[in-house]
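Here is how the chains run, residue by residue.
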Amino acid sequence: MIRVENISKSFEGKAALSGITSSFEPARTNLIIGRSGSGKTVLMKCMIGMVEPDTGDIWYNENQFSLLVPEKQRAFRQQMGVVFQGGALFDSLTVEQNLKLPMDFFTDWKKDRKTERVNFCLEKVDLRGVNRLFPAELSGGMKKRVAIARAIVLNPKYLFCDEPNSGLDPQTAIMIDNLIREITVEFGITTVINTHDMNSVMEIGDHILFLSEGTKCWEGSRDEILTSDNKVLNDFVFASELMKKIK
Amino acid sequence: MRLILNLGRYLMFLRKVFSRPERFSLYFKQVFREIDKLGVSSLGIVAIISFFIGMVVIIHLTANLGNPLIPDYYNSYTTRDVLVLEFSSTVLCLILAGKVGSNISSEIGTMRVTEQIDALETMGINSAAYLAQPKIIGMMIITPVLVLLSIFIGLIGGWFISVTANLMTGADYIHGIRYEFDTYKVFYTLVKSVVFAFLMTSISAYHGYTTRGGALEVGRSSTLAVVYSMIMILIANYLVTQLMLG
């Protein structure tokens, strides 16, 4: 479980986050939603230690992340898997080498076991026969799936995905969403996803945190989102004609 | 003020780069990859430049110092010292700063703007050390080799033009390059090359690592990396020369 308490962050005097408090439970897909610039990515970066919050605490179960020294934070990050918006695969490495890199650093596994694990993770994301391909040879959806496979290769307790289905066609986007959900439930991972895609919200939003202008505006589940009377949330969720009709 | 700020950030970057590696064997392999990628791939350009400079230097010396009172072999003796003392270390490293420096800076800069460095950090890997340390160590190993090779090829270039253009006899040329040979000068040039290799790779890596923005900023970082590397090489050249020969 991850708990954020009263997180605030400013950049050059401009508040990006103000007093965010929430908790994210394991084996559930926790979504952080909001318009572009609402502070979703900053909150996620605070959670993974890429940005230091001005105030507040982040707890991973009983560990207060912000109190760990940088070396301990780095070691703690081995329990995290992160899927970046663009995939962030290493261009100079093949798919297999991309997946093996964390294992090379943090395990003493033999080569065969690492290859076995690579194939297992690629199977999980429904990719076969791509081990020797370079990221430049993959489509956008395949890159995202490889990024997910790399994120889970060390059996993380926590999975963070920054807009995992942005730039993908609707079918692939739903496939990625379902894939993340399956992995989350199967391995009991605490998953946090940044998105502004309403399809994802309705498909996999077990727990949703809605941010607006750096503040927590609403929190609930995908069933509650349709019946909420929060005006800011409604303006965001029912921005399209289709969603208005669904409502 | 900004200069001091950047110097401080550069020193903090170096501290991160030279912190204890997570897994020594991975870094060790990476050093050899970088030697191949950055150093061995520069062999062609080093050979071409050195050969032609060797030819040009001896032509200049013969044309401008041609005097019946000065023996011919003095020209090849001077060519040797030009190559050993300045060209093959300083000028060659200035050229390498352009080639290798922009390569390092743009590679690391692109990794930064495409979140690959963030990905390394979130895996718990010291990205600065993993990306920069093997490049710095690799170049510090291979640059002295390139310098020695440059001296050798430059001398061959000088010999080639001396003999084919009848500037002097082959025997005079060989006598000149062996005349009053001082190994300390070779040691001095090797020391310089190690210092220059450290400066060009670390400065370029720093500029790449601190890139923020997009493709435009990656290009800007590469330019800054080359400019600062060259300036620092020239300053270091003066300091090392003053210390070792002054």
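Just so it is clear, the structure is predicted and the values come from calculations on it, not from any experiment. (Residues numbered from 1 in each chain as written. Chains lettered and ligands numbered in written order. Predicted model: local features only at pLDDT ≥ 70, side-chain atom pairs only at ≥ 80, totals over all residues.)

Asker: Please clarify how the overall build of chain B should be interpreted in this entry.
Answerer: In terms of regular secondary structure, chain B is built from 9 helices and 0 strands. Reading chain B from its N terminus to its C terminus gives the helix and strand order α-α-α-α-α-α-α-α-α. Across its three principal directions, the C-alpha atoms of chain B cover 70 × 40 × 35 Å. By residue count, 47% of the 246 residues in chain B fall in the buried class. For chain B, long-range pairs separated by at least 24 residues make up 87% of all intrachain contacts whose partners lie at least 6 apart in sequence. (Helix = DSSP H or I, 4+ residues; strand = E, 2+ residues; numbered from the N terminus. Buried ≥ 20, exposed ≤ 12 C-beta atoms within 10 Å, placed from the backbone. Contact = placed C-beta atoms within 7 Å.)

Asker: Help me understand the interface of chain B and chain A, please; the structure alone is not making it clear to me.
Answerer: Facing the 14 residues of chain B at the interface are 16 residues of chain A. Per-element accounting of the side of chain B that touches chain A gives the leading share, 5 residues, to helix α5 (residues 116-122) of chain B. Taken together, the residues of the side of chain B that touches chain A break down into 4 nonpolar, 5 polar and 5 charged. (Nonpolar A, V, L, I, M, F, W, Y, C, P; charged D, E, K, R; others polar.)

Asker: Looking at this structure, I do not really get the sheet that holds strand β2 (residues 14-24) of chain A. What am I missing?
Answerer: Hydrogen bonds along the backbone pair up the strands of a sheet, which may run parallel or antiparallel. Residues and elements named next belong to chain A. The 4 strands are arranged β2-β1-β4-β5 in an open sheet whose pairing can be described as antiparallel. Only two strands of the sheet have a single neighbouring strand rather than two, namely β2 and β5 (63-64). Relative to β5, strand β4 (residues 55-60) runs antiparallel, the two sharing 2 bridges. Bridge assignment links Tyr 60 to a residue of β5, and that residue is Asn 63. (Pairing = 2+ DSSP bridges.)

Asker: Help me out: how do you make sense of the pairing of strand β10 (residues 215-220) of chain A in this one?
Answerer: On a regular strand, each side chain points to the face opposite its neighbour's, so the side chains alternate between the two faces of the sheet. All names here are of chain A. Strand direction decides the pairing type here: strand β9 (residues 207-212) and β10, joined by 5 bridges, are antiparallel. Across the sheet, residue Leu 211 finds its bridge partner in β10, namely Lys 216. In textbook terms, the turn of a hairpin is the stretch between consecutive antiparallel strands, and for β9 and β10 this stretch comprises 2 residues, one of which, Glu 213, has a positive phi near 50°.

Asker: Any chance you could explain helix α6 (residues 127-164) of chain B here in plain terms?
Answerer: Counting along an α-helix, one turn takes 3.6 residues, and residues three or four places apart therefore face a common direction. Residues and elements named next belong to chain B. Taking 1.5 Å of rise per residue, 38 residues should cover 56 Å, and α6 covers 53 Å from first to last C-alpha, within 8% of that figure. At Gln 133, α6 shows its maximal kink, close to 30°; a proline, Pro 134, follows between one and four residues later. Of the residues trailing α6, Asn 166 is marked for its positive phi of about 55°. (Expected span 1.5 Å × (residues − 1). Bend = angle between axes of the 7 residues up to and from the residue.)

Asker: How should the packing of α6(B) against helix α8 (residues 183-209) of chain B be read in this particular structure?
Answerer: Packed helix pairs are specified by the crossing angle of their axes together with the interaxial distance, meaning the distance between the axes. All names here are of chain B. Viewed as axis vectors pointing N to C, α6 and α8 meet at an angle of 150°, and their least axial separation amounts to 8 Å. Judged by the angle between their axes, α6 and α8 are roughly antiparallel. The two elements α6 and α8 meet at a crossing, and its hand is right-handed. On α8, the residues touching Ala 128, Leu 131, Ala 132, Lys 135, Ile 136, Met 139, Met 140, Thr 143, Pro 144 and Val 147 of α6 are Thr 189, Leu 190, Ser 193, Val 194, Phe 196, Ala 197, Phe 198, Thr 201, Ser 202, Ala 205 and Tyr 209. Considered class by class, the residues forming the contact of α6 with α8 number 15 nonpolar, 5 polar and 1 charged. (Axes fitted to C-alpha atoms, helices over the stretch in contact; angles between N-to-C directions. Parallel < 35°, antiparallel > 145°, perpendicular 65-115°, else oblique. Left-handed = near helix turned anticlockwise from the far one by under 90°.)

Note that every value here comes from positions in space, so none of it alone points to a role or purpose.
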